Amino acid sequence: MTVYFIGAGPGDPELLTLKAARLIEACPVCLYAGSLVPEAVIARAPGDALVRDTAPMTLDQTHAEIAAAHAKGQDVARVHSGDPSLYGAIAEQIRRLKADDIPYEIVPGVPAYAAAAAVLGQELTVPEVAQSIVLTRMSMKSTSMPEGERLEVFARSGATLAIHLGVRALREIERQLVPYYGADCPVAVVYRVGWPDQMILRGTLSDIREAVRAAKITRTALILVGPALSNQNGFPDSALYDAAKPHVLRPRASTPKA
C-alpha cells in the first residue's frame, strides 16, 4: 500500500490535477482536512471508501487510521488543501510513516498564492518592480516563527509577499511593513480562493484593515502585498521575447536590406 499526500488545490474542484483526481477516486481510505477541502473533492472517493475528516483528530489518531489501512494493504488518499509542501503539516506525518516503514508519495497541488494571482488577473513578478515572491505566515496561535523569518526581515527585500494566517494580524502587518513599503503600498486579500463564496478585497497597507473588518473576514484568507500589485503599465517588457536579445530557440532577427 501507499499513503498519497494529495494537494487538492485552493478550493475549486476543477483545479485538481489529473493524478490527484485519479488517486482520490481509487483509494479505499480517504483522510482529508475538512475545514479546508471542499466536499466536491471528497465526493470523488469510492462509495464504499472509509472517509474521515481529520480536522477534529489528533496526529496520533490520524496515524492510527493510516496504520490500520497499512495492515490491510489499503492505499490511503491523505488529502490536503493547496500544495502539501506549504504549511501542510506533512513533515511530522512523514516522520511517523518512516518510523513504521509505511510507503508514501507526495502529489503536488495548486498553491493558494497561484490561484489568488489568477483571480486577481495579474503576474506577481514584474520586470524591474519585483522578481521574487516570499511565502510566509504570521505566528498568531500557530507554531512560532524562527527569529530570522520575521516579516520585517522579508520586507527589506521589497519582494511580493504572500502572507498566510495573517488576516487577524493586519494591524501588526501594517506596523511592520509600512516602514519598508510605504502606507500606500497595494494589498490584496483573497478570502477562500476557488470556493463559491470567494471574496477579493483590494486596498493599501493603510486602509485594508478597515475593509477586511467591514467584510467580516476572520480566517481562510491570503494576503498579498507589494508594488507588483499596482497598475501594471509603467514597467519595461521582459527580455524573454525581446527581438534584440536572441537565445538558442530564437536567433537574432535579421535586419531588412535597404
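Structure first, text after, so check above.
Every value quoted in this text rests on a predicted model; they were computed, and no experiment measured them.

### What about the overall build of the chain?
In terms of regular secondary structure, the chain is built from eight helices and 10 strands. When the 258 residues of the chain are sorted by exposure, 41% land in the buried category. Here the analysis covers contacts within the chain between residues at least 6 apart in sequence; of these, 68% occur between residues at least 24 apart. As displayed, the chain has an accessible area near 14000 Å², and 53% of this comes from carbon and sulfur atoms.

### A few points about the sheet that holds strand β6 (residues 133-137)
The strands that make up a sheet pair up through hydrogen bonds in the backbone, lying either parallel or antiparallel. Pairing in this open sheet of five strands is mixed, and the strands run β6-β7-β10-β8-β9 from one edge to the other. With one partner strand each, in any of the chains shown, β6 and β9 (199-204) form the two edges of the open sheet. With strand direction ignored, the average angle separating the axes of adjacent strands in the sheet is 20°. Relative to strand β10 (residues 221-225), helix α5 (residues 112-120) is tilted by about 70°, and along the sheet it contacts β6, β7 (160-164), β8 (186-191), β9 and β10. Strand contacts of helix α7 (residues 170-181): β7 and β10, with the helix running at about 170° to β7, the strand carrying the most contacts.

### As for the packing of α7 against helix α8 (residues 208-215)
At a minimum axis separation of 9 Å, α7 and α8 run at an interaxial angle of 170°. Here α8 runs roughly antiparallel to α7, going by the angle between their axes. Contacts between α7 and α8 involve Leu-170, Arg-171 and Glu-174 on the former and, on the latter, Ile-208, Arg-209, Val-212 and Arg-213. Grouping the amino acids of the contact of α7 with α8 by side-chain chemistry returns three nonpolar, no polar and four charged.

### Examining the state of the cysteines
For the structure shown, the criterion picks out zero disulfides. Free cysteine: Cys-27, not disulfide-bonded; nearest cysteine sulfur from Cys-30 at 7.9 Å. A relative accessible area of 1% means that Cys-27 is categorised as buried. With relative accessibility at 0%, the residue Cys-30 sits in the buried group.

Reading the values: rules and limits
- Residues numbered from 1 in each chain as written.
- Predicted model: local features only at pLDDT ≥ 70, side-chain atom pairs only at ≥ 80, totals over all residues.
- Heavy atoms only, no water.
- Helix = DSSP H or I, 4+ residues; strand = E, 2+ residues; numbered from the N terminus.
- Buried < 20%, exposed > 50% of the residue type's maximum accessible area, 1.4 Å probe, protein only.
- Contact = heavy atoms within 4.5 Å.
- Areas by Shrake-Rupley, 256 points an atom, 1.4 Å probe, with all protein chains shown as cover.
- Pairing = 2+ DSSP bridges.
- Axes fitted to C-alpha atoms, helices over the stretch in contact; angles between N-to-C directions.
- Parallel < 35°, antiparallel > 145°, perpendicular 65-115°, else oblique.
- Nonpolar A, V, L, I, M, F, W, Y, C, P; charged D, E, K, R; others polar.
- Disulfide = S-S within 2.5 Å.

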